[in-house]
Amino acid sequence: MKPSICSSIVVILLIILPTTISHDYSDALTKSILFFEGQRSGYLPREQRMTWRRNSALNDGKNLNANLVGGYYDAGDNIKFHFPMAFTATMLAWSAIDFGSYMSPADLRDNLVALRWGTDYLLKTVSQLPNRIFVQVR
């Protein structure tokens, strides 16, 4: 094939394909909230949908006489970075405010539970020791 014919075919495919492939944004949202459940740290609730996960990092902060159990792991590892977690909590809250009316009741509930899990933990990182803010837990 000549380069002009190839480029024409590519352009036509780029125009046609986005209109023929449907996207299930509701399913994507459900799976993204489920991802957060897989990243939970601490004592997991009975409603935990990721049944393969168990309680973890139950001694976080103990060496400093602080309770830093809970929150979310950052990237599938065993470290909790609090600034990215704060950003995540902000995005969860913002999505509930702006798009909550488009979410199913179950997805909105799961979104708010994920938000609460993160914010409850973040409050622990600033409220336990005077003049100290925890920004990372390994």
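Rules used throughout
- Residues numbered from 1 in each chain as written.
- Predicted model: local features only at pLDDT ≥ 70, side-chain atom pairs only at ≥ 80, totals over all residues.
- Heavy atoms only, no water.
- UniProt positions renumbered as here; feature names shortened; annotations may be inferred.
- Helix = DSSP H or I, 4+ residues; strand = E, 2+ residues; numbered from the N terminus.
- Salt bridge = Lys/Arg side-chain N within 4 Å of Asp/Glu carboxyl O.
- Phe/Tyr/Trp six-rings, centres within 6.5 Å; stacked < 30°, edge-to-face > 60°.
- Buried < 20%, exposed > 50% of the residue type's maximum accessible area, 1.4 Å probe, protein only.
- Polar contact = N/O pair within 3.5 Å; in protein donor to acceptor, adjacent residues only side chain to side chain.
- Contact = heavy atoms within 4.5 Å.
- Expected span 1.5 Å × (residues − 1).
- Arc of directions from axis to C-beta.

**Q** Lay out the UniProt feature "domain: Glycoside hydrolase family" (unreviewed entry) in the protein in plain terms, naming residues and giving numbers.
**A** With numbering matched to this structure, UniProt assigns "domain: Glycoside hydrolase family" (unreviewed entry) to residues 25-137. For the annotated span residues 25-137, helix accounts for 49% and strand for 4% of the residues, and the straight-line distance between the end C-alpha atoms is 33 Å.

**Q** Which residues make up the pattern of salt bridges, and what are the values?
**A** Applying the stated criterion across every chain yields a total of six salt bridges. Across the salt bridge formed by Asp 27 and Lys 31, the nearest N and O atoms sit 3.0 Å from each other. Taken together, the positions of Asp 27 and Lys 31, both in helix H2 (residues 25-38) and four residues apart, correspond to about one turn of that helix. When the shortest N-O distance is used, the salt bridge between Arg 49 and Asp 110 registers 3.4 Å.

**Q** Before we move on, can you summarise the packing of aromatic side chains with the specific residues and values?
**A** The full count for this structure, using the stated rule, is two aromatic pairs. Relative to Phe 36, the ring of Phe 35 lies with its centre 6.0 Å away and its plane at 70°, an arrangement referred to as edge-to-face. Residue class for Phe 36 comes out buried when judged on its relative accessible area of 19%. Ring geometry for Phe 36 versus Tyr 72: centroids 5.8 Å apart, planes at 65°, classification edge-to-face. Of this pair, Phe 36 sits in helix H2 while Tyr 72 sits in the loop between H2 and strand S1 (80-81); the two residues are 36 residues apart in sequence, bridging distant segments of the chain. Each member of the pair Phe 36 and Tyr 72 is classed as buried.

**Q** Please set out the side chain of Ser 95 residue by residue, giving values where relevant.
**A** Position of Ser 95 relative to the elements: it lies in helix H3 (residues 82-99). A polar atom in the side chain of Ser 95 sits 2.9 Å from the backbone oxygen of Leu 92. Apart from the residues within four sequence positions on either side, Ser 95 is in contact with Gly 100, Met 103 and Asn 111.

**Q** Which residues make up H3, and what values do they have?
**A** In an α-helix, one full turn covers 3.6 residues, which means residues spaced three or four apart are oriented alike. Given a rise of 1.5 Å per residue, 18 residues ought to cover 26 Å, and the 25 Å separating the end C-alpha atoms of H3 matches this to within 8%. Within the span of H3, buried status applies to His 82, Met 85, Ala 89, Leu 92, Ser 95 and Ala 96. Axial view of H3: buried residues confined to an arc of 140°, hence all on one face. Among the exposed residues of H3, those oriented more than 90 degrees off its buried face are Phe 83, Phe 87 and Ile 97.

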